[in-house]
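Structure at a glance
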Amino acid sequence: MNDSQDQAESLANLPGDSGHFGSFGGSFVPETLHATLAQLTEAYATARADTSFMQEFQQHLTDYVARPTPLYFAKRLTDHVGGAKIYLKREDTAHTGAHKINNAIGQAMLTRRMGKKRIIAETGAGQHGVASATAAAKFGLTCDVFMGTEDMRRQQPNVRRMQLLGATVVPVNSGSCTLKDATNAAMRDWMGSSESTHYIIGSVVGPHPFPMMVRDFQSVIGIECRAQCLDTIGRLPDHIIACVGGGSNAAGIFYPFIDDTSVKLTGVEAGGRSEKLGDHAAPLTFGSPGVLHGSKSFVLQDSDGQTSPVHSISAGLDYPGVGPEHSHWFDVGRADYTSCSDSDALVALDSLCKTEGIIPALESSHALAHAIKIAKDMPSDQIIVVNLSGRGDKDLEEYFRLTKQD
Ligand SMILES: *Cc1c(COP(=O)(O)O)cnc(C)c1O
């Protein structure tokens, strides 16, 4: 076995019991949560080993989420760009319009298994809130979703959706009144309620076991994609590209390919309007290691270690941290990370609409923009898969406001 195989093998086996991915990850939480996280780690380990749990999860993904989602050859987009063939993994076709439902279903099932009756969640754009409210309704759980008042104003349709699904949206009126503040509020609630309540974290972030657990629930994306590539193309793709907010859709599609060292993996962060701190949301591109929301990873912070404000046109990427496993993949060079500007994402969104009749989410448009950028310099027998993490219906107003077409 050569060195790179050695390394790939150890990557697939991470994290160990302490929840570390190399020097990243871990569990940096107040002592009141230690027992809760230990209980969760144990419950998840036994659930994973329980075939009936995993079969039921797969059944819900099939009947309810409408999986497998298609792997689609974007022929007109490919012709338009010229160069490598571009395929789309269509998470936009999943129930509720994005990949987030995969994780919400898995964690709601785990909540029921632990005998808890209430879930809480944090949300920025409202997509994870909607996925959590959906799963709560399906499994008969009470659901409170913490959301900054600024985000509630910007994302009114998703607030309405959550309410219609039976969830309570709890307004958070502190700090910048956005996602980071909502996460702090959810964490505070959990410290006092964890006996009856499970906190569904929406990405591969937070203390152990969340980054591992969310990655595993989202890995259905990459497992399907790998089989679909072998089935329909007859080989693995050359390159997989996904956008990175916290990093769950990227981890979900990357992880099942982690041992396939011939497959290049690229995460695309939100480059925003400039490279200045505060103008983007790209911690792996511009940040440094630090601790945020319970684990060690790359973070955007000032010279005093204060988490810095972030900006992106896409609310789902607008987060100053990133999952610890991505920091490790970056560190060891298994995946690379780049960023895409607000304006390039808007152009990519328009291109996919016009060439394929698919309206992608602003988040996914970042991945798409990078694919378009590199495809034209690649030979036509090369294959790129873009994880199209969600659909863009939620972004229409923002799109027309930003492109001043109203
Ligand atoms: C939330 C969201 C993202 C970003 O979250 P990750 O955890 O990085 O996947 C990306 N795309 C869509 C459509 C989302 O809703």
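Heads up: the structure comes first, above all this text.
The following paragraphs examine the structure supplied in this document. (Residues numbered from 1 in each chain as written. Predicted model: local features only at pLDDT ≥ 70, side-chain atom pairs only at ≥ 80, totals over all residues. Heavy atoms only, no water.)

1. What about the overall build of the protein chain?
- Assigned secondary structure in the protein chain consists of 17 helices and 14 strands.
- The C-alpha radius of gyration of the protein chain comes to 20 Å, within 12% of the 22 Å expected for a compact globule of 406 residues.
- Seen through its principal axes, the protein chain has C-alpha atoms that stretch 55 × 55 × 50 Å.
- Carbon and sulfur atoms form 50% of the exposed surface of the protein chain, whose accessible area is close to 15,900 Å². (Helix = DSSP H or I, 4+ residues; strand = E, 2+ residues; numbered from the N terminus. Rg over C-alpha atoms; globule rule 2.2 N^0.38 Å. Areas by Shrake-Rupley, 256 points an atom, 1.4 Å probe, with all protein chains shown as cover.)

2. So, the site of the ligand
- Taken together, 18 residues sit near the ligand, with Lys100, Ser203, Gly247, Ser248 and Ser389 positioned nearest.
- One nitrogen or oxygen atom from the side chain of Ser248 is found 2.7 Å from an oxygen atom belonging to the ligand.
- Coverage of the ligand by the protein chains reaches 97% of its 380 Å² of free accessible surface.
- Counted by class, the shell around the ligand contains five nonpolar, 11 polar and two charged residues. (Near = heavy atom within 4 Å. Polar contact = N/O pair within 3.5 Å; in protein donor to acceptor, adjacent residues only side chain to side chain. Nonpolar A, V, L, I, M, F, W, Y, C, P; charged D, E, K, R; others polar.)

3. Some details on the sheet that holds strand β9 (residues 239-243)
- Across the sheet, which stays open at both edges, the six strands sit in the order β3-β4-β14-β9-β10-β13 with mixed pairing between neighbours. Either end of the sheet is taken by a strand with one partner, and the two such strands are β3 (71-73) and β13 (335-341). Taken over all neighbouring pairs, the strand axes of this sheet differ in orientation by 30° on average, direction set aside.
- In the sheet, strand β10 (residues 264-272) pairs with β13 via seven bridges, with the strands oriented parallel. Paired with Leu265 across the two strands is Ala335, which belongs to β13. (Pairing = 2+ DSSP bridges. Axes fitted to C-alpha atoms, helices over the stretch in contact; angles between N-to-C directions.)

4. Focus: the pairing of strand β12 (residues 295-299)
- The element β12 is extensively covered by neighbouring structure, given that four of its five residues are classed as buried.
- Judged from the five bridges that link them, strand β11 (residues 288-292) and β12 form a sheet pairing that is antiparallel. Residue pairing across strands places Gly290 opposite Ser297, the latter belonging to β12. (Buried < 20%, exposed > 50% of the residue type's maximum accessible area, 1.4 Å probe, protein only.)

5. Some points on the packing of helix α5 (residues 100-113) against helix α10 (residues 210-218)
- Two numbers describe how α5 lies on α10: the axes approach to 8 Å, and their chain directions differ by 115°. Crossing angle aside, the handedness with which α5 passes α10 is right-handed. Of the residues in α10, those in contact with Lys100, Asn102, Asn103, Gly106, Gln107 and Leu110 of α5 are Phe210, Met213, Val214, Phe217 and Gln218.
- Here the residues of the contact of α5 with α10 sort into five nonpolar, five polar and one charged. (Left-handed = near helix turned anticlockwise from the far one by under 90°. Contact = heavy atoms within 4.5 Å.)

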